[in-house]
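# Remarks on the overall topology
Chain by chain, the residues:
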Amino acid sequence: MKQFIDFIPLLLFFIVFKIDPRVVDIAGHEVTVGGIYSATAMLIISSLVVYGTLFIKQRKLEKSQWLTLIACLVFGSLTLAFHSETFLKWKAPVVNWLFALAFIGSHFIGDQLLIKRIMGHALSLPDPVWTRLNIAWIGFFLFCGAANLFVAFTFQDYWVDFKVFGSLGMTLLFLVAQGIYLSRHLHDADTTTPKTED
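Position numbers for residues start from 1 in each chain and track the written sequence from start to end. Given that the model is predicted, a residue must reach a pLDDT of at least 70 before its local features are reported, and side-chain atom pairs must reach 80 or more before they are shown or counted; all residues, however, enter totals for whole chains, interfaces and linings. Hydrogens and water are ignored here; the side-chain numbers use all heavy atoms of the structure.

Before going further, it helps to spend a moment on the UniProt feature "transmembrane region" (unreviewed entry) in the chain. Per the UniProt record, "transmembrane region" (unreviewed entry) is found at residues 31-54, 66-82, 94-114, 135-156 and 162-182. Counting from the N terminus, the helices are DSSP H or I runs at least four residues long and the strands are E runs at least two residues long. For residues 31-54, the end-to-end C-alpha separation is 29 Å, with 79% helix and 12% strand making up the annotated structure. UniProt positions are given in the numbering used here, feature names are shortened, and annotations may be inferred rather than shown by experiment.

Here the expected length of a helix is defined as 1.5 Å per residue gap, with one fewer gap than residues. The terminal C-alpha atoms of helix H3 (residues 63-82) lie 28 Å apart, and with 20 residues this matches the ideal 28 Å at 1.5 Å per residue to within 8%. Throughout, exposure labels follow a simple rule: accessible area from a 1.4 Å probe, protein chains only, divided by the maximum for the residue type, with under 20% read as buried, over 50% as exposed, and the rest as partly exposed. Burial in H3 covers these residues: Gln 65, Thr 68, Leu 69, Ala 71, Cys 72, Phe 75, Gly 76 and Thr 79. Burial along H3 is one-sided: seen end-on, the buried residues are contained in an arc of 165°. With respect to the buried face of H3, the exposed residues turned more than 90 degrees away are Lys 63, Ala 81 and Phe 82. In the stretch just after H3, His 83 is the one whose phi turns positive, near 50°. Note: the arc covers the axis-to-C-beta directions of the helix.

On to the pairing of strand S1 (residues 22-26). When DSSP finds two or more bridges between a pair of strands, those strands are recorded as paired. Direction of pairing for S1 relative to strand S2 (residues 29-33): antiparallel, over a ladder of five bridges. The residue bridging Val 23 from the neighbouring strand is Thr 32, located in S2. Where S1 folds back onto S2 in an antiparallel hairpin, the turn is made up of two residues, including Ala 27, whose phi is positive at roughly 55°.

The next thing to look at is unusual backbone geometry. A positive phi angle, near 65°, is found at Arg 59, a position not held by glycine. Of note, Arg 59 is situated in the loop between helix H2 (36-58) and H3. Among the residues examined, Arg 59 registers a relative accessible area of 68% and is labelled exposed. Positioned with a positive phi, His 83 is a non-glycine residue whose angle comes to about 50°. Here His 83 is to be found in the loop between H3 and helix H4 (86-89). Residue class for His 83 comes out exposed when judged on its relative accessible area of 54%.

A surface patch of nonpolar side chains, amounting to about 530 Å² of accessible area, comprises Leu 98, Leu 101, Ile 104, Phe 108 and Ile 109. Mapped onto the fold, Ile 104 is located in helix H5 (residues 91-105). Patches draw on residues past 30% relative accessible area with no salt bridge. Two like charges within 9 Å are joined, as are two nonpolar side chains (Val, Leu, Ile, Met, Phe, Trp, Tyr) within 5 Å. Surface accessibility in these figures is a Shrake-Rupley result with a 1.4 Å probe; residues are shielded only by whichever protein chains are displayed. Only one rule defines a salt bridge in this text: a Lys or Arg side-chain nitrogen within 4 Å of an Asp or Glu carboxyl oxygen.

Okay, the state of the cysteines next. Joining two cysteines, a disulfide is a covalent bond between their sulfur atoms. Here, a disulfide means two cysteine sulfur atoms that sit within 2.5 Å of each other. Enumeration according to the criterion identifies zero disulfides in this entry. Here Cys 72 stays unpaired: no disulfide links it, and the sulfur of Cys 144, its closest cysteine neighbor, is 18 Å away.

Our next topic: empty space enclosed by the protein. The distinction between a cavity and a pocket rests on a 1 Å grid over the protein atoms alone: a 1.4 Å probe fits inside a cavity but cannot get out, while a pocket stays open yet meets protein on both sides within 12 Å along at least five of seven lines, and a residue with an atom within 4 Å of a point counts as lining. Grid points are joined across faces, edges and corners, and a volume is the space filled by probe spheres set on the points. Across all of its chains, the model carries one cavity of 30 Å³ or more by this definition. Estimated volume of the largest cavity: approximately 50 Å³. Secondary-structure elements contributing two or more residues to the lining of the largest cavity are H4, helix H7 (127-154) and helix H8 (159-192). Three classes are used: nonpolar for Ala, Val, Leu, Ile, Met, Phe, Trp, Tyr, Cys and Pro, charged for Asp, Glu, Lys and Arg, and polar for all others, with Gly counted as polar. Across the lining of the largest cavity, the residue classes tally to six nonpolar, one polar and two charged.

What follows is the structure, encoded as structure tokens:
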């Protein structure tokens, strides 16, 4: 659910991007609506609203949400300031690779793998399964970053479509594959959990 919340600003960005650019009057000010730059402004505003609302309700944001928000503000602001979509094209690769770096780092820093810290409260799995799962997330984020970068600079007419639907599709496929993998190993966890006597 948290990952789908992250897609709300992205979907709004896509909708505004697809509008044919036009000048509209808003409170006495002429504003261009449609195209990459107004879509980028919508991405920044909607991200602030979504994550601001979450922060107010939960009194905190997860580190991944802070990273997503900060990256949106930095790359989005640079895109608007320099009037160049190149900055925004780098957002998805950089964010994905930073996530991959965090999962890699958990193999060497801390007492638990990152995936176990995220999902350990809900699942009990053998350590080798946690390790394979963590490596799978590393591979997923590295692949997503590379795919976004390749499409953004090779197929420039389709990079926004891929940014929204390609990323969503890859995430859904990976989560389904993860679910299938976990279902095969949950019984391993049951055999390693000590039984208590009444």
